[in-house]
Amino acid sequence: MGSLARAYGRPLASVIAGIAVIWVLVLILVPLGAMVEQSLWWRESKGDISLTIDRLYNDISLIELDREAETDPAKKAAFDQSLAEKQAAIATLEAQETNPPKTYGIANFTRMSGLHFYIFVRTIFYALLVTALALIVCYPVAYVVALASGPRKAIILMVALIVPYAINELLRVYAWLMILDYRGVINGVLQWMGFIDLDAREWIPFLENPSAVFLAMIYTYVLFMVFPMVNTLETLDRNQIEAARDLGASTFRIHRRVIIPHAKPGIAVGCIMTFMLSAGSYSVPAIMTRGQGGDWFSQLVYRQFYESNNWNMGSAYAVSLLVVCTAFILLMMRLFGVGLRDIAK
């Protein structure tokens, strides 16, 4: 706060700090706290409450009949007291039936079925594959943009990367759907070349394979992998590369000993962002598989919230995914030997 005040003055620094605090509270801590709290409780309504209420209503009907036939004021008073007690009991039970008390615990996390746990593990594995493939594809692109080309070529390459992202993400995903669909571009070309017959339903079912989702995700999230590496590689002194080359180092050795160690913060950030976006993606697998290639865990979370209307289980599923993503962040930081300060650069 002191350095911020010295740089911008105390009034403006206070405004900036206040906006940052509000941002963290409103958009991070409060929603996260609400989701965690929601995941730690549930309501259990006992099935015999309805039967007990029915019996009490039957007892009230009988007591009212007996009261109407009774002439002794003392016995009528006793019937009135019994009616009041049973009506109070009915009110209590109906409140429990419509609004059961909260029970706190971790049962929402342990109630995940075997199938849902399998989908959870498979989603994490697929997100790791998407991250690894994106790193393999994007590292050469980042290297060419940052180091291997002149300023003019770098600008052209950067614009070529950015321009497709002026289009809405859903439209880009649907474009890949049109390319890989049963009667899409690739199958149409294969039919034109005489390899398949679409009228005989001999198309290649690309959409039934996870690779279609991988391809669409890599294309959708490529900038989140490329940009951090480009920003890091641009700070590398090219004289180090020339010195290594003059000392007889091979291209592979230059990348392994000079370029990749310097790019570690960018690689860590790119992997973190790509993994988290892939693990939590809903639209890409939903559009690309159309229910043919198996659900992703994000789709299960959506169904718990909006189809099953079970917000407690949905919150538990979401928290489980958040815990895994947080563990992945810590693993990347440990694996690449970088801290938050290095990542922030």
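For the structure, see preceding data.
Residues numbered from 1 in each chain as written. Predicted model: local features only at pLDDT ≥ 70, side-chain atom pairs only at ≥ 80, totals over all residues. Heavy atoms only, no water.

Asks: Help me understand the overall build of the protein in this model?
Replies: Counting its regular elements, the protein contains 18 helices and 2 strands. In the protein, which comprises 345 residues, the proportion classed as buried is 36%. Sequence separation of at least 24 residues holds for 73% of the intrachain contacts in the protein that already meet a minimum separation of 6. Summed over all atoms, the accessible surface of the protein reaches about 20,600 Å², with 64% contributed by carbon and sulfur. Placing the 28 positive and 27 negative side-chain charges of the protein at their respective mean positions leaves the two points 18 Å apart. (Helix = DSSP H or I, 4+ residues; strand = E, 2+ residues; numbered from the N terminus. Buried < 20%, exposed > 50% of the residue type's maximum accessible area, 1.4 Å probe, protein only. Contact = heavy atoms within 4.5 Å. Areas by Shrake-Rupley, 256 points an atom, 1.4 Å probe, with all protein chains shown as cover. Lys, Arg positive; Asp, Glu negative; His and termini not counted. Charge placed at Lys NZ, Arg CZ, Asp CG, Glu CD.)

Asks: Help me understand the pattern of salt bridges, please; the structure alone is not making it clear to me.
Replies: All told, the structure shown has 3 salt bridges when counted by the stated rule. Here Glu 242 makes a salt bridge to Arg 245, at a shortest N to O gap of 3.4 Å. Of this pair, Glu 242 and Arg 245 both sit in helix α12 (residues 238-246), 3 residues apart, which is roughly one turn of the helix. Overlapping salt bridges bring together Asp 295, Arg 303 and Glu 307 as one network. (Salt bridge = Lys/Arg side-chain N within 4 Å of Asp/Glu carboxyl O.)

Asks: Got a minute to help me understand helix α2 (residues 10-39) in this structure?
Replies: Given 3.6 residues to a turn, an α-helix orients residues that are three or four positions apart in the same direction. In this model, α2 (30 residues) spans 41 Å end to end at C-alpha, consistent with the 44 Å of a helix rising 1.5 Å per residue. Residue Leu 25 marks the point of greatest curvature in α2, where the axis turns by about 35°. (Expected span 1.5 Å × (residues − 1). Bend = angle between axes of the 7 residues up to and from the residue.)

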